[in-house]
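These are the residues of each chain, in order.
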Amino acid sequence: MTVRQRMLRVPEITALFWLIKALSTAMGESTSDYLVNAIGPVPAVLLGFIAFVAAMIIQLRAGRYVAWRYWLAVVMVGVFGTMCADVLHVGFGVSYLVSSTFYAAALAAVFLTWHKIEKTLSIHAVDTPRREIFYWLAVISTFALGTALGDMVAYTFHLGYFGSAVIFAVIILIPALGYRFGFNSILAFWFAYVMTRPLGASVADWLGKPQDASGLGLGAGWVALVLTILIAIFVACLTATGRDIQERGSHVRVGEEIDSN
């Protein structure tokens, strides 16, 4: 039995990780809204898809965690994931309840398959191409699910953007507090990961949407620009400090960090 020496492909979970994750979800929402209105739905979706594919190729080819590559992929997932969720509702008339159920089932299928094959869902064991693919499939599913949930609460339940943001801010405290009282760490992580999406999207919509649509009217373009700048600054800080690089063996779990090869 020898300890794996393969490189980990995702970051350490820190407060800055959650901050950038929340900013990226808000940025994805506002960028999607801006592009759809500026150049039209079809060109926007095509552009989003191309950028998404390019970002994923850059990330997957690295074979290890590199801050700018990873967060570029997350941002592009945020933009394209928003578009995918919106296409089901706007393009095909699927209700937010149905789309939320669909994406929840898709996420469950990813998790079940991932665990059946790899025997773990831990981000501290994402050190092979196959595990990384499962990881990104889960991330994509969480973004689409979170977008649908946020829209369902805002529109179907008529709570508006600010009300939705408050609801999801409260919900996200569940894994944060539960983790401190023995909540399963993997479940807590993915629960929070899903909830940051509707939280960030609701805040972005509240800031960018016009006042007659229960927003502040700042404009999706300006919101996207400011969020992009903030993300770039924080990612540059991570690159300079390296505090988000996982150290092999710092999160050893039975059956995850031991390789029998």
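That block above? That's the structure.
Residues numbered from 1 in each chain as written. Predicted model: local features only at pLDDT ≥ 70, side-chain atom pairs only at ≥ 80, totals over all residues. Heavy atoms only, no water.

**A look at the pattern of salt bridges**
Rules: Criterion for a salt bridge: a side-chain nitrogen of Lys or Arg within 4 Å of a carboxyl oxygen of Asp or Glu. A run of H or I in DSSP counts as a helix once it spans at least four residues, and a run of E counts as a strand once it spans at least two, with each numbered from the N terminus. To sort residues, take the accessible area from a 1.4 Å probe on protein chains only and compare it with the maximum for the residue type: under 20% means buried, over 50% means exposed, and anything in between is partly exposed.
Per the stated rule, a full pass over the model turns up six salt bridges. A salt bridge links Glu 132 to Arg 9; the shortest N-O distance between them is 2.9 Å. Note that Glu 132 is positioned in helix H5 (residues 129–156) and Arg 9 in the loop between strand S1 (2–3) and helix H1 (15–39), a separation of 123 residues in sequence. With respect to burial, Glu 132 and Arg 9 carry one shared label: buried. Here the salt bridges share partners, and the residues they tie into one network are Glu 118, Asp 127, Arg 130 and Arg 131.

**Looking at the nonpolar core**
Just so we agree on the cut-off: Remark: nonpolar core denotes a set of buried residues (Ala, Val, Leu, Ile, Met, Phe, Trp, Tyr, Cys) joined through side-chain atoms within 4.5 Å.
Tyr 70, Trp 71, Trp 114, Tyr 135, Trp 136, Trp 190 and Tyr 193 are the most contacted members of the largest nonpolar core, which totals 61 residues. For this core, the secondary-structure elements that each account for two or more residues are H1, helix H2 (41–62), helix H3 (67–91), helix H4 (96–118), H5, helix H6 (160–171), helix H8 (185–208) and helix H9 (220–241).

**Considerations on unusual backbone geometry**
Outside of glycine, negative phi angles account for most residues, and trans bonds account for most peptide bonds. Phi is positive for Lys 119, which is not a glycine, with a value near 65°. Note on placement: Lys 119 falls in the loop between H4 and H5.

**Re empty space enclosed by the protein**
Quick note on the threshold: A cavity here means a set of points on a 1 Å grid, drawn over the protein atoms and nothing else, where a 1.4 Å probe fits but cannot get out; a pocket is an open set with protein on both sides within 12 Å along at least five of seven lines, and a residue lines either one if it has an atom within 4 Å of a point. Grid points are joined across faces, edges and corners, and a volume is the space filled by probe spheres set on the points. Each residue gets one of three labels, nonpolar for Ala, Val, Leu, Ile, Met, Phe, Trp, Tyr, Cys and Pro, charged for Asp, Glu, Lys and Arg, and polar for the others, Gly among them.
Taken as a whole, this structure holds one cavity of 30 Å³ or more when the rule is applied. The volume enclosed by the largest cavity comes to roughly 50 Å³. Lining of the largest cavity is provided by Glu 29, Thr 147, Gly 150, Asp 151, Ala 154, Tyr 161, Ala 201, Ser 202 and Asp 205. Among the elements of the structure, H5 and H8 are those that each provide at least two residues to the lining of the largest cavity. If you tally residues by element for the lining of the largest cavity, the top one is H5, at four residues. Its residues assigned to classes, the lining of the largest cavity shows three nonpolar, three polar and three charged.

**Notes on the packing of H5 against H6**
Filter applied, for reference: Here an angle of 0 to 180 degrees is reported between the N-to-C directions of two axes, which are lines fitted to C-alpha atoms, with helices fitted over the stretch in contact. With respect to orientation, any angle under 35 degrees is reported as roughly parallel, any angle over 145 as roughly antiparallel, any angle of 65 to 115 as roughly perpendicular, and every other angle as oblique. Crossings are classed by handedness, with left-handed meaning an anticlockwise turn of the near helix from the far one by less than a right angle and right-handed meaning a clockwise turn. Contacts are assigned to residue pairs with any non-hydrogen atoms lying within 4.5 Å of each other.
Running from N to C, H5 and H6 point in directions that differ by 125°, and their axes come no closer than 8 Å. In terms of their interaxial angle, H5 and H6 are classed as oblique. Crossing angle aside, the handedness with which H5 passes H6 is right-handed. Between H5 and H6, the contacting residues are Leu 149, Gly 150, Val 153, Ala 154 and Tyr 155 on the first element and Gly 160, Tyr 161, Ser 164 and Phe 168 on the second. Classifying every residue of the contact of H5 with H6 by side-chain character gives six nonpolar, three polar and no charged.

**Some details on the layout of surface pockets**
Rolling a probe over the atoms, with the probe sized like a water molecule, indicates the empty space that remains. Estimates place the volume of the second largest pocket at around 430 Å³. As for the second largest pocket, its lining consists of 18 residues, of which Asp 33, Val 36, Asp 86, Val 87 and Val 90 are closest to the centre. At the level of elements, H1, H2, H3 and H5 are the ones that each hand at least two residues to the lining of the second largest pocket. With six residues, H3 is the largest single contributor of residues to the lining of the second largest pocket. Split into classes, the residues belonging to the lining of the second largest pocket amount to eight nonpolar, four polar and six charged.

**Thoughts on H9**
As a reminder of what qualifies: Multiplying 1.5 Å by the residue count of a helix minus one yields the expected span of that helix. The arc under discussion is defined with respect to the helix axis, by the directions toward the C-beta atoms.
With 22 residues, H9 should reach 32 Å at 1.5 Å per residue; the first-to-last C-alpha distance of 32 Å fits that figure. Listed as buried for H9 are Ala 220, Val 223, Ala 224, Leu 227, Ile 231, Val 235 and Leu 238. Each buried residue of H9 lies within a common arc of 90° when the element is viewed along its axis, so the set occupies one face. Across from the buried face of H9, at angles greater than 90 degrees, the exposed residues are Trp 222 and Ala 240. A positive phi of about 70° marks Gly 242, the residue just after H9.

Remember, this is a structural readout, not a statement about activity or role.
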